[in-house]
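Letter by letter, the chains look like this.
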Amino acid sequence: MSWYNVRMEKIVIQLEEWYLKNKRDLPFRKNRDPYSVWVSEIMAQQTRIETMLPYFERWMAKWPTITDLAVADIQEVLKMWEGLGYYNRARNLHKAAIYLYENNEGVFYDSYEKILTLPGIGPYTAAAIASIVYDEKVPAIDGNVCRVVARLDALAEEISSSTAQRHIETRMKSWIIESTPHLFTQAMMELGALVCTPQSPDCAHCPLQDTCVAFRERTMADYPIKKTKAPVPIESYDCFILKNSEGKIALTQQNDDNLMNGYYRFPIKNQLERTMISDIRKIGAQKHVFSHKVWMTEYYIGKADFQDDSILWVNESELNELPMISAHRKFYQKLGPIQ
Ligand code: SF4
């Protein structure tokens, strides 16, 4: 057997054995139910496991099946997702559930190709679900996997380049063919999350140490090779928390960012240009960092009485019930009663 084949076999066996001994006890690993694997995969995108876990538990308790989710109100779905960010994920889960309910009797699809046709599901998520649930031999390649392969092979190409992506795909395809896919996919994810982390990989406890080129050369910090990031844009807003004579507060659903469609927020200055506001005072400022931009917001309170199609006047309990963008929710919760 060639060195390449020996190495390939070793990687798969060592990785799967390590996973079985070291995997975290997570609720979506209790069984290989496609719905819970799907929800967990979507929630875990761009989000730490510790952050998404309470959301996952609440979601599954409220909507334990695809049919339950399909018949839920979108406002409730958005409210459940509030604070988790990347809100299109929630809208797409709901859309896909409705589609499966109307076209497949509320049953999840059972192959990579079919799963890939659902809203909000790209190649990584489809491969993760198909391999974990159905043991289909399709590799799930995300940032964690790219980092691990780049270090294992000391990959000299910039990680997002097509040459690097082809290299990673070829490697992953050759490994998954030799593997038990549901173990292999989760083992790669777990290794990237717990051991081969972006900063300070824990090579002393890595099952792949003896086959890792970066470890042998002590160049782990050099991989993956990345492009220099452009600075994220900063957007500045004046934002108004307005009360009317009935003590109600003005909210709007107009968002400059499509990702936040469906969520309420306090109105901003350019929405209120022709509005008479009295007793205005500045009450604070907030910096909110997204992955793609930074909001610098100055908050004002004031009094106003007007009707406008884009404004919804709500009392305190309605405001707590509605889905609201988390930057505004956080500021409002810190504020205390407004006089
Ligand atoms: Fe990552 Fe270190 Fe393991 Fe190599 S030995 S795969 S760098 S954790």
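Our structure is the block above this text.
Residues numbered from 1 in each chain as written. Predicted model: local features only at pLDDT ≥ 70, side-chain atom pairs only at ≥ 80, totals over all residues. Heavy atoms only, no water.

Before we go on, may I ask you to explain the pairing of strand β2 (residues 249–252) in this structure?
Each regular strand displays side chains that alternate between the two surfaces of the sheet. Burial of β2 is two-sided: the residues I249 and L251 facing one way and the residues A250 and T252 facing the other way are all buried. With 4 bridges joining them, β2 and strand β5 (residues 311–314) adopt antiparallel strand pairing. Bridging across to β5, A250 finds its partner in W313. (Buried < 20%, exposed > 50% of the residue type's maximum accessible area, 1.4 Å probe, protein only. Helix = DSSP H or I, 4+ residues; strand = E, 2+ residues; numbered from the N terminus. Pairing = 2+ DSSP bridges.)

Is there a simple way to think about the layout of surface pockets in this case?
Summary: where empty space remains is shown by rolling a probe the size of a single water molecule over the atoms. The computed volume of the largest pocket comes to approximately 1,300 Å³. Where the lining of the largest pocket is concerned, the elements lending two or more residues are α2 (34–44), α3 (49–62), α8 (123–134), α9 (143–152) and α11 (181–194). For the lining of the largest pocket, the leading source of residues is α11, giving 6 residues. Across the lining of the largest pocket, the residue classes tally to 17 nonpolar, 13 polar and 10 charged. One number sums up the size of the second largest pocket: a volume of about 320 Å³. In terms of lining, the second largest pocket is formed by 17 residues, of which the most central are G85, Y86, Y87, H288 and F290. For the lining of the second largest pocket, the elements supplying multiple residues, two or more each, are β3 (278–289) and α14 (326–335). Among the elements that take part in the lining of the second largest pocket, α14 stands out by supplying 3 residues, more than any other. When its residues are assigned to classes, the lining of the second largest pocket shows 9 nonpolar, 6 polar and 2 charged. (1 Å grid on protein atoms, 1.4 Å probe; cavity = no way out; pocket = protein on both sides within 12 Å on 5 of 7 lines; lining within 4 Å. Points joined across faces, edges and corners; volume = space filled by probe spheres on them. Nonpolar A, V, L, I, M, F, W, Y, C, P; charged D, E, K, R; others polar.)

Which parts of the structure should I look at to understand the site of the ligand?
The environment of the ligand is made up of R151, L152, V195, C196, P201, C203, C206, Q209, C212, F215 and M220. The cavity that encloses the ligand is the largest cavity. In terms of residue class, the shell around the ligand is built from 9 nonpolar, 1 polar and 1 charged. (Near = heavy atom within 4 Å. Sits in = over half its atoms within 2 Å of the grid points.)

Looking at this structure, how should I read the packing of aromatic side chains?
Centre distance and the angle of the planes are the two values used to describe a pair of aromatic rings. Inspection of every chain in the model, using the stated rule, returns 12 aromatic pairs. Summarising the aromatic geometry, the rings of Y87 and Y263 are spaced 4.1 Å apart at their centres and angled 45 degrees between planes, so their arrangement reads as tilted. Placement of Y87 in the loop between α5 (74–81) and α6 (88–103) and of Y263 in the loop between β2 and β3 is noted, with a sequence separation of 176 residues between them. Each member of the pair, Y87 as well as Y263, carries the same accessibility label: buried. Taken together, Y35, W38 and F108 form an aromatic cluster joined through their ring pairs. Geometry around Y55 places R58 over its ring, the cationic atom sitting 4.9 Å from the centre. A cation over an aromatic ring shows up here: R218 above the ring of F215, its NZ or CZ 4.1 Å from the ring centre. (Phe/Tyr/Trp six-rings, centres within 6.5 Å; stacked < 30°, edge-to-face > 60°. Lys NZ or Arg CZ within 6 Å of the ring centre and 35° of its normal.)

How should the pattern of salt bridges be read in this particular structure?
Side chains that differ in sign of charge can pair as their charged atoms come close. One pass over the full model with this rule turns up 15 salt bridges. Between E190 and R24 there is a salt bridge, with its nearest N and O atoms 2.9 Å apart. One end of the pair, E190, is in helix α11; the other, R24, is in the loop between α1 (3–22) and α2, with 166 residues separating them in the sequence. Classification of E190 as buried rests on a relative accessible area of 1%. According to the relative accessible area criterion, R24 is partly exposed, its value standing at 23%. (Salt bridge = Lys/Arg side-chain N within 4 Å of Asp/Glu carboxyl O.)

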